[in-house]
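Each chain, written out:
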Amino acid sequence: MTSHQKILLLLLTLLALTVSGWQPYDRVTWLLEVIPVLIVMPLLILSHGRFPLTSLLYLGIFLHALVLILGGAYTYARAPLGFDLQQWFELSRNPYDKIGHFFQGLVPALACREILLRGHHVQGKRMLAFLVICVVLAISATYELIEWGAAVALGQGADEFLGTQGDPWDTQSDMFCALIGAISALLLFTPLHDRQLARLEQR
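Residues numbered from 1 in each chain as written. Predicted model: local features only at pLDDT ≥ 70, side-chain atom pairs only at ≥ 80, totals over all residues. Heavy atoms only, no water.

## As for the packing of aromatic side chains
Link 1 in the chain: Enumeration over the complete set of coordinates arrives at two aromatic pairs.
Link 2 in the chain: When the centroid spacing of 6.0 Å and the interplanar angle of 85° are considered together, the rings of phenylalanine 102 and phenylalanine 103 count as edge-to-face.
Link 3 in the chain: Residue phenylalanine 103 is classed as buried on the basis of its relative accessible area, which comes to 17%.
Link 4 in the chain: Of note, arginine 27 hangs over the ring of tryptophan 30, and the distance from its end group to the ring centre comes to 5.7 Å.
Link 5 in the chain: One cation-aromatic arrangement involves arginine 118 over phenylalanine 51; the distance from NZ or CZ to the ring centre is 3.9 Å. (Phe/Tyr/Trp six-rings, centres within 6.5 Å; stacked < 30°, edge-to-face > 60°. Buried < 20%, exposed > 50% of the residue type's maximum accessible area, 1.4 Å probe, protein only. Lys NZ or Arg CZ within 6 Å of the ring centre and 35° of its normal.)

Structure follows, in structure tokens:
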């Protein structure tokens, strides 16, 4: 990925943030949902020269950011794409939050894999896959603890952020979606990721 393409992704992310934050359904929910984007974006800018990432990971982070930003604008329970999916598959609830948790597994899996391989922290493909999945599940569990803390702190004000829609197994299904995302990343993108990592090592 060229520098111009990276700048384009950055500008598109900033544009999406601006549009979504103009008149979101709920301002507090919008902020809670896009905080990861607001944290990661400056880190990527600051680390670009010293620790550039693969094109696959940059693109994954961008797509994940768009999922978070859209969820922040409408809230996950009211995202239009989720209503379309609900109708197409005749589901009992808006499933948009599951897309978010799928990406919460897929993109951190790629990031974890990249860090472990480039830092030579682990040897063996099986151990690498095991550690990647463990880290993803730890991230997912931490996020669920954050949601729990928000629910305790904000009371009913956290309903839009939680987006459980009355599902008593929402926490468990969220973590399962993250697990599916991590496994998908390992199964689908490992060859491409390895090629891009090899090119980075040659620079």
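Still to come is the rest of the account.
## Some points on the pattern of salt bridges
Link 1 in the chain: Taken as a whole, this structure holds five salt bridges when the rule is applied.
Link 2 in the chain: The residue aspartate 97 makes a salt bridge to arginine 93 at a minimum N-O spacing of 2.8 Å.
Link 3 in the chain: With relative accessibility at 3%, the residue aspartate 97 sits in the buried group.
Link 4 in the chain: Here arginine 113 makes a salt bridge to aspartate 194, at a shortest N to O gap of 2.8 Å. Here arginine 113, found in helix α5 (residues 96-118), pairs with aspartate 194, found in helix α8 (residues 170-202); they are 81 residues apart in sequence, far enough to count as distant.
Link 5 in the chain: A relative accessible area of 33% places aspartate 194 in the partly exposed class.
Link 6 in the chain: Several salt bridges converge on common partners, so that one network encompasses Arg93, Asp97, Lys98 and Asp174. (Salt bridge = Lys/Arg side-chain N within 4 Å of Asp/Glu carboxyl O. Helix = DSSP H or I, 4+ residues; strand = E, 2+ residues; numbered from the N terminus.)

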